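Examination of the molecular architecture
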Amino acid sequence: MTFRFNLASCTAVVLAALLGVSGAAFAQVVVADAWVRGTVAGQRATGAFMTLTAASDAALVSAASPVAKIVEIHEMTMEGGVAKMRAVPRVDLPAGKPVALKPGGHHVMLMALQQPLKEGESVRIALTFENRDGKRTTAEITARVRGLAESAQKH
Ligand SMILES: [Cu+2]
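What you are looking at is a predicted structure, and each value in this text was computed from that prediction instead of being measured.

Position of Leu148 relative to the elements: it lies in helix H1 (residues 148–153). The exposure class of Leu148 is partly exposed, given its relative accessible area of 46%. Apart from the residues within four sequence positions on either side, Leu148 is in contact with Arg37, Gly38 and Val40.

Have a look at this one:
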């Protein structure tokens, strides 16, 4: 399955400074096209998707959001024709290589949602990155909620 982000629809671009141990060198992680799949009444979990590009080797190690009591980093794989999700401790971000968190692959899983997420709403997500030296930095982004039809159309 191929998945292309429409650059024209970028909704969030943030720069997160990752200070190196020396304090002098720093790297950045650019977060682009962050979005969250909208939910229907009673639905308690959904996915957040985005493209992450690190200037130097880093990893996404955790996430949090005020809309969800539990937030995990998930990986979706196909096993015998069945899609399975599991929590993973990190997503590696090799220097200069855009890494897409997308439907069918890695994603940020928002669980135990406090309320339904409606199209057009904004969801704050705090992303924690770790650089090669093990130093962690948290950056907050805003992701737009896409309606179910728009979500389906994207992949
Ligand atoms: Cu998941």
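As a further point, take the nonpolar core. Counting 32 residues, the largest nonpolar core has Met50, Leu52, Leu110 and Leu127 as the members making the most contacts within it. With residues up to four places along the chain from it excluded, the contact list for Leu52 reads Val29, Val30, Val31, Leu60, Leu93, Lys97, Pro98, Val99, Leu101, Leu127 and Phe129.

Right, let's get into the layout of surface pockets. The volume enclosed by the largest pocket comes to roughly 150 Å³. As for the largest pocket, its lining consists of 14 residues, and the residues nearest its centre are Arg37, Gly47, Phe49, Met76 and Met85. Elements represented by at least two residues in the lining of the largest pocket include exactly strand E3 (46–54) and strand E9 (107–113). At 3 residues, the largest contribution of residues to the lining of the largest pocket is made by E3.

A few words now on the coordination of the copper ion. Tetrahedral coordination by four donors places them ideally at 109.5 degrees to one another around the metal; octahedral coordination by six donors ideally gives 90 or 180 degrees. The copper ion binds to the protein through His74 (ND1), Met85 (SD), His107 (NE2) and Met109 (SD), with metal-donor distances spanning 2.1 to 2.2 Å. Considering all 4 donor atoms around the copper ion, angles at the metal cover 93 to 118° and the coordination shape is tetrahedral. Linear spacing of the donor residues for the copper ion on their chain is H-x10-M-x21-H-x1-M. Pair noted here: His74 is in strand E5 (residues 68–79) and Met85 is in strand E6 (residues 82–87), with a separation of 11 residues, a long-range link.

So, about the packing of aromatic side chains. In this structure the tally under the stated criterion is 1 aromatic pair. Here the aromatic rings of Trp35 and Phe49 are separated by 4.7 Å at their centres, their planes lie at 35°, and the arrangement is tilted. Pair noted here: Trp35 is in strand E2 (residues 26–37) and Phe49 is in strand E3, with a separation of 14 residues, a long-range link. Both residues of the pair, Trp35 and Phe49, count as buried.

Rules used throughout
Sequence order as written defines the numbering, with residues in each chain counted from 1. Predicted model: local features are reported for residues with pLDDT of at least 70 only, side-chain atom pairs are reported and counted for 80 or more only, and whole-chain, interface and lining totals are derived from all residues. As a convention, hydrogens and water are excluded, and side-chain values are obtained from all of the structure's heavy atoms. Comment: elements are numbered from the N terminus, with helices defined as DSSP H or I runs of at least four residues and strands as E runs of at least two. Relative accessibility decides the category of a residue: with a 1.4 Å probe and only protein chains considered, values under 20% of the type maximum give buried, values over 50% give exposed, and everything between is partly exposed. Every residue pair with non-hydrogen atoms within 4.5 Å of one another is taken to be in contact. Among buried residues, the Ala, Val, Leu, Ile, Met, Phe, Trp, Tyr and Cys ones that are joined through side-chain atoms within 4.5 Å form a nonpolar core. Here a cavity denotes a set of grid points, spaced 1 Å apart and computed over the protein atoms alone, in which a 1.4 Å probe fits but from which it cannot get out, and a pocket denotes an open set meeting protein on both sides within 12 Å along at least five of seven lines; residues with an atom within 4 Å of a point are reported as lining. Grid points are joined across faces, edges and corners, and a volume is the space filled by probe spheres set on the points. A donor here means any N, O or S atom no more than 2.8 Å from the metal (3.2 Å for Na, K and Ca); water is not included, so a site may seem to lack partners. Irregular is the label for any site that misses the other tests, which are tetrahedral for four donors with all angles between 85 and 135 degrees, and square planar for four donors or octahedral for six when opposite donors exceed 155 degrees and the remaining angles lie between 65 and 115. Pairing of aromatic rings covers Phe, Tyr and Trp, the last counted by its six-membered ring, and requires centre-to-centre distances within 6.5 Å; plane angles under 30 degrees mean stacked, over 60 mean edge-to-face, and any other angle means tilted.

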